[in-house]
Amino acid sequence: MNHGSLILQCDPESLARAASMLREGKLVAFPTETVYGLGADATNDRAVAAIYAAKGRPQFNPLIAHVAKMEALDGLVVWNAAARMLAEALWPGPLTLVLPRHPHCPVSRLASAGTETLAVRMPSHPVARELIERAGVPVAAPSANASGKLSPTEAAHVAESLGGAVDAIIDGGRCPVGVESTVVSWARHAPEILRPGGVTREQIEKILGRPVAVPDISMSGEAPVLSPGQLASHYAPRAALRLNAESAEADEALLTFGEDMHVKGGSLRLNLSPSGDVNEAAANLFAMLHSLDAAGVSRIAAMPIPEKGLGIAINDRLRRAAAR
Ligand code: TXA
Ligand code: MG
């Protein structure tokens, strides 16, 4: 069953060890009341990239940042009154709120998949809470399954699905809720339910005292038709992007990968990974696109990225941005 991951129990020593692994940038799967999460330090770009690599997902679906207390959200997201009401009534619990990123949000832009929003959740499972509290950082965690597989509700499911791709698995028994959290988003003004889950629409409407939209949810369970991953326009930098560039014009910024001495031109050059490592490139991708936007660049030429591992997701992202 165990394909190389360290299996930890829920005693204080094991949780302290798991928390320090998170702080070191390692991947730790842990139980929540909904499903097992594949956790990493949300503020560490490389650790967040490692989550996507472990899941083997061909796209960067945005991730939920998990916290153990309200104060941990200061400076992460921008609140509104309705979101506060839901958080006060339903947290800790199986509810995720998608809110605008705070201007100084320290969470990796990769966890937001390049968008200006961040999903946040305070789980109720005591093991999750103690782990996050001890880690002292927001913990990015998708469900701890390989892409396209069912969400895990027992530690053994995680070991089967992800095996050695995760550094440690905390065995906290079976997840009591067993379905993922309900995702409520303010990305487009009024709240919308992007994914049905452990909290019902009725509960949410009762707390808010008004109806809440549920946009056409796909039957896959892997919700949102409206998730940024599906919306090419939400994904793009302001600058126009040219792919597979062999050189750059004088007025183009250049995004390179690997050894780039031979690539000529570029008013401004940024290297996604000088050593040619696709995980490092994924970790830098959104932060570098944002800094090129911030520098006022209007055209970006990007060198080819190998179509393997996280390179597939990077190329998916760059193609969407270029096609806009
Ligand atoms: O119950 C849960 O939510 C579990 C546990 C581990 O907390 N986590 C989970 O994560 O199910 P994941 O990544 O498997 O699903 C998160 C969902 C995805 O459909 C994703 O697209 C959506 O939330 N999501 C995350 N961040 C988003 C954002 N900024 N905007 C829109 N949708 C977002
Ligand atoms: Mg999932």
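These figures come from a predicted structure and were not determined experimentally.

The rules behind these values
- Residues numbered from 1 in each chain as written.
- Chains lettered and ligands numbered in written order.
- Predicted model: local features only at pLDDT ≥ 70, side-chain atom pairs only at ≥ 80, totals over all residues.
- Heavy atoms only, no water.
- Pairing = 2+ DSSP bridges.
- Helix = DSSP H or I, 4+ residues; strand = E, 2+ residues; numbered from the N terminus.
- Axes fitted to C-alpha atoms, helices over the stretch in contact; angles between N-to-C directions.
- Phe/Tyr/Trp six-rings, centres within 6.5 Å; stacked < 30°, edge-to-face > 60°.
- Buried < 20%, exposed > 50% of the residue type's maximum accessible area, 1.4 Å probe, protein only.
- Near = heavy atom within 4 Å.
- Polar contact = N/O pair within 3.5 Å; in protein donor to acceptor, adjacent residues only side chain to side chain.
- Areas by Shrake-Rupley, 256 points an atom, 1.4 Å probe, with all protein chains shown as cover.
- Nonpolar A, V, L, I, M, F, W, Y, C, P; charged D, E, K, R; others polar.
- Parallel < 35°, antiparallel > 145°, perpendicular 65-115°, else oblique.
- Left-handed = near helix turned anticlockwise from the far one by under 90°.
- Contact = heavy atoms within 4.5 Å.
- Salt bridge = Lys/Arg side-chain N within 4 Å of Asp/Glu carboxyl O.

**Side note on the sheet that holds strand S14 (residues 299–302)**
In step 1: The four strands are arranged S11-S14-S12-S13 in an open sheet whose pairing can be described as parallel. Here the strands that pair on one side only, and so sit at the sheet edges, are strand S11 (240–242) and strand S13 (269–271). Put simply, the sheet's adjacent strands are angled 20 degrees from each other on average, direction ignored.
In step 2: By the bridge criterion, three bridges tie strand S12 (residues 253–256) to S14 in an arrangement that is parallel. By the bridge assignment for S14, Leu255 is matched with Ala302.

**Describing the packing of aromatic side chains**
In step 1: In total, this model carries three aromatic pairs according to the counting rule given.
In step 2: Taken together, a centroid distance of 5.8 Å and an interplanar angle of 75 degrees make the contact between Phe60 and Phe286 edge-to-face. Taken as a pair, Phe60 in the loop between helix H2 (45–55) and strand S4 (64–66) and Phe286 in helix H7 (residues 278–294) lie far apart in primary sequence, 226 residues in all.
In step 3: Seen from their ring centres, Trp79 and Trp91 are 6.1 Å apart, and the 75 degrees between their planes marks the pair as edge-to-face. With Trp79 in the loop between S4 and helix H3 (81–90) and Trp91 in the loop between H3 and strand S5 (95–100), this pair connects stretches of sequence that are 12 residues apart.
In step 4: Classification of Trp91 as buried rests on a relative accessible area of 9%.
In step 5: Taken together, Tyr52, Phe60 and Phe286 form an aromatic cluster joined through their ring pairs.

**Describing the pairing of strand S9 (residues 182–185)**
In step 1: The side-chain alternation of S9 yields two buried faces, one formed by Thr182 and Val184 and the other by Val183 and Ser185.
In step 2: Relative to S9, S5 is paired through four bridges, and the arrangement is parallel. Directly across from Leu97, in S9, lies its bridge partner Val184.
In step 3: For S9 and strand S10 (residues 192–195), the ladder comprises three bridges, and the chain directions are antiparallel. Bridged to Ser185 within S10 is Glu192.
In step 4: The antiparallel pairing of S9 with S10 creates a hairpin that spans six residues between the two strands, and His189 there sits at a positive phi of about 65 degrees.

**Quick look at the site of ligand 1**
In step 1: Around ligand 1 lies a shell of 23 residues, among which Thr34, His66, Thr117, Ser181 and Arg195 are the nearest.
In step 2: A distance of 2.6 Å separates an oxygen atom of ligand 1 from a polar atom in the side chain of Thr34.
In step 3: Between an oxygen atom of ligand 1 and a side-chain N or O atom of Ser181, the distance comes to 2.5 Å.
In step 4: Taking 680 Å² as the accessible area of ligand 1 by itself, protein coverage stands at 98%.
In step 5: When residues of the shell around ligand 1 are traced back to their parent elements, those giving at least two are S4, strand S6 (117–121) and S10.
In step 6: Looking at the shell around ligand 1 residue by residue, the class counts come to 12 nonpolar, eight polar and three charged.

**Notes on the packing of H7 against helix H8 (residues 310–323)**
How two helices pack is summed up by the angle between their axes together with the distance between the axes.
In step 1: For the pair H7 and H8, the least separation of the axes is 8 Å and the interaxial angle reads 25 degrees. Taken together, the axis directions place H7 and H8 in an arrangement best described as roughly parallel. You can see that H7 and H8 cross each other, and the crossing is left-handed. Facing Val278, Asn279, Ala281, Ala282, Leu285, Phe286 and Leu289 of H7, the residues of H8 in contact are Leu310, Gly311, Ile314, Arg317 and Leu318.

**What about the pattern of salt bridges?**
In step 1: Evaluation of the coordinates by the stated rule reveals 15 salt bridges.
In step 2: Two residues, Asp277 and Arg46, come together in a salt bridge whose shortest N-O distance is 3.1 Å. With a gap of 231 residues between them, Asp277 in the loop between S13 and H7 and Arg46 in helix H2 connect regions that are remote in the sequence.
In step 3: Judged by relative accessible area, Asp277 falls into the partly exposed class, the value being 26%.

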